[in-house]
Amino acid sequence: SPIQRWSPNNIVVNSDGHLVLSLTNTNNFPVGCEVYSEQRGFGYGTYTIVVASQLNTLHPNVAFGGLYTFDFPNPPDWHEIDMNEVRTYDGEPNKQLLKNHVWNNGGTREFTTTNMDISSEIIQTHRTIWASNSIVFDSFIGEGVGGTNYFHAEHTSNVPVPDTERLHINIWTDRDTAISRSGAVHATPKDVIVRSVTFTAA
């Protein structure tokens, strides 16, 4: 299968001190990467990621997981909150920016998802505020929250309760689908620059 191959060699820090995650593809062998926090259980608070790469032009089979919480040790409830996921989704012709969360992944797998076409702007700031009764998502043009807010969503049902989740960022190839006709093996290489990730506890 051409999906979800990973290599730590595809994660570097550039001369500006920014994190660069790469999707490489040599001889139709795409390889992605993932970085995650050693710290667990960040919990309620404000999460912000600044990305400095154009993502609306990603290959149909390439997905960017631009900051999400995930809890491997505690199935079936993974406490997953996707704060800035970019992928082909739900039959839409353009790359979608997804703001979603899931509860009871191993059981009912009930995702709450809000999505729209991602902006073509190169520098974007994505902020998520996780509270006990809500998850509030915002996306801004430029670095910081002073630019145009082009995506606002609020989720108030089945909000995950913090546990031992980590923060993750990744880039990977998704499986072949009817809306991804060229196939994952032909995924175009891509570098994604992450300028910063910040967290402020509630």
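These lines cover the structure that appears in this document, whether it is placed above or below. (Residues numbered from 1 in each chain as written. Predicted model: local features only at pLDDT ≥ 70, side-chain atom pairs only at ≥ 80, totals over all residues. Heavy atoms only, no water.)

Observations concerning empty space enclosed by the protein
Phase 1: For the structure on display, the rule yields one cavity of 30 Å³ or more.
Phase 2: Put simply, the largest cavity is a space of about 40 Å³.
Phase 3: Around the largest cavity sit Val 51, Ser 53, Leu 55, Asn 84, Ile 118, Glu 121, Ile 122, Gln 124 and His 126, which together line it.
Phase 4: Each residue belonging to the lining of the largest cavity can be placed in one class, and the counts come to four nonpolar, four polar and one charged. (1 Å grid on protein atoms, 1.4 Å probe; cavity = no way out; pocket = protein on both sides within 12 Å on 5 of 7 lines; lining within 4 Å. Points joined across faces, edges and corners; volume = space filled by probe spheres on them. Nonpolar A, V, L, I, M, F, W, Y, C, P; charged D, E, K, R; others polar.)

Let's talk about the sheet that holds strand β8 (residues 96-103)
Phase 1: The antiparallel open sheet is built from six strands, whose spatial order is β4-β13-β6-β7-β8-β9. Taken across any chain shown, the strands that pair with only one partner, and hence form the sheet edges, are β4 (33-36) and β9 (110-117). For this sheet, the mean angle separating the axes of adjacent strands, direction not counted, is 15 degrees. (Pairing = 2+ DSSP bridges. Helix = DSSP H or I, 4+ residues; strand = E, 2+ residues; numbered from the N terminus. Axes fitted to C-alpha atoms, helices over the stretch in contact; angles between N-to-C directions.)

Focus on the pairing of strand β2 (residues 19-25)
Phase 1: Within β2, five of the seven residues are buried, which leaves it mostly tucked inside the rest of the structure.
Phase 2: Taken together, the three bridges between strand β1 (residues 11-13) and β2 define a ladder with antiparallel strand orientation. Residue Val 12 lies in a different strand from β2, and its bridge partner there is Val 20.
Phase 3: The loop that links β1 with its antiparallel partner β2 comprises five residues; one of these, Gly 17, has a positive phi angle of about 80 degrees.
Phase 4: Of the strand pairs in this sheet, β2 and strand β14 (residues 190-201) are connected by five bridges, and their pairing is antiparallel. Across the sheet, the residue bridging to Val 20 is Ile 193, located in β14.
Phase 5: Looking at chain direction, β2 and strand β3 (residues 30-31) are connected through two bridges and run antiparallel. (Buried < 20%, exposed > 50% of the residue type's maximum accessible area, 1.4 Å probe, protein only.)

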